[in-house]
Amino acid sequence: MRWTRSGAVAVVALAALACGDGILSSRSASFSASPSELAFGPVALGRDRVLEVTLTNTGRVSYELRAITPSVPNVAVEGFAAGPLTAGESRTFRVRFTPAIEGAVTGALTVATDDAAGLSLPLAGLGVRALAEVKTAAIDFGQVDIGTARVESVRIVNPTLVETAVHFSIEGEDAAQFSSSESGAELILLPGQERQLPVAFRPAWMGLADGRMAISRCTGCEPYVVSLSGEGVLGDLDVFPARIQFGRVELGAVASQRVTLTNDGNKRVDVQAIALRDDAAGSFALAGLPPLPLEAPSFVP
């Protein structure tokens, strides 16, 4: 009887020790992360992408979360605070990827705890230079009647794997005669998207007009310039030449050019005034103005 009792006691003690060893040995594998891998995909340089990660203690004992450290630059952990993670508890934090160079980035996110095994999460991302390609080099609107408008378009394409921001402005001496409903706004092109940017020419006076469309198509790039040109006309009234070039003139000397107005139609054209425009320095003057109005057909030298 005494041997049997001691034998029974020994068996119970061994069973208890085995149970305790089983819990301890499984401690390093009793918490998990979701997602188990961080795949950021393609991200534009200078922009970022944020993923949320949730750590869960699936065991029966508490863990002490100490630190979460990325192995590569341009990856940051946000919203994490060290402290205990009790059995069944979950904690969420954010991981931000902000690529600074083009190309693939691979690494790991290490979760340090009071358990020597810890946890390592693979991470990967791709830095992409966001840009748009402009497929239109110049627009010539041709002859457009004063007070009316002609609309053309500039074609742009996003050939990259990321969203691309585009904005543009219209500049130049005659910029007021060109316009676009989308000028000054930030336009977002999705990967592979093509877009037509409308541009209108509405002449305010007769003669040639020039402008340019400056398109910002990527961060740090010089603007892409699309040349704009057109000619304002008034019905059948023809002005020749459309632009006067005096060339080099000595100080104190006078140079003159002749402008011819011709009514090519069969109706009366009422020309009420002829005046200079944009002559702030007062270097130009009109001489020998013809009698007005013009009648068809007629010309005035």
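Asks: Help me understand unusual backbone geometry in this model?
Replies: One can expect most non-glycine residues to show negative phi and most peptide bonds to be in trans. Here the bond from Ser34 into Pro35 is cis, since omega is 0°, no more than 30 degrees from zero. Looking at the element boundaries, Pro35 is found in the loop between β1 (31-34) and β2 (38-44). In this structure, Asn74 takes a positive phi of about 65° despite not being glycine. In this fold, Asn74 is placed in the loop between β4 (63-70) and β5 (75-78). Judged by relative accessible area, which is 40%, Asn74 ranks as partly exposed.

Asks: Sorry if this is basic, but what is going on with the environment of Gly83 here?
Replies: Here Gly83 shows up in strand β6 (residues 83-85). Gly83 sits in the buried class, given a relative accessible area of 8%. Separated by 16 residues in sequence, Gly83 and Ala67 have C-alpha atoms that sit 9.2 Å apart. Residues in contact with Gly83, not counting those within four places in the same chain, are Tyr63, Glu64, Leu65 and Arg91.

Asks: Would you take a moment to explain the state of the cysteines for this structure?
Replies: Defined simply, a disulfide is a covalent bond joining two cysteines at their sulfur atoms. Counted by the stated rule, this structure contains 1 disulfide. Covalent S-S linkage joins Cys218 and Cys221, the inter-sulfur distance amounting to 1.5 Å. Looking down the S-S bond of the Cys218 and Cys221 bridge, the torsion is -90°, so its handedness is left-handed. Residue class for Cys218 comes out buried when judged on its relative accessible area of 6%.

What counts, and at which threshold
The residue numbering used here restarts from 1 in each chain and proceeds along that chain's sequence as written. Given that this is a predicted model, residues contribute local features only at a pLDDT of at least 70 and side-chain atom pairs are listed and counted only at 80 or more, while totals for whole chains, interfaces and linings are drawn from all residues. Hydrogens are left out, water is left out, and the side-chain values use all remaining heavy atoms of the structure. Numbered from the N terminus, helices here are DSSP runs of H or I no shorter than four residues, and strands are runs of E no shorter than two. Classification of residues uses two cut-offs on accessible area relative to the type maximum, computed with a 1.4 Å probe and protein chains only: under 20% is buried, over 50% is exposed, and between them is partly exposed. Should any heavy atoms of two residues lie within 4.5 Å, those residues are counted as being in contact. Disulfides are defined as pairs of cysteine sulfur atoms found within 2.5 Å of each other.

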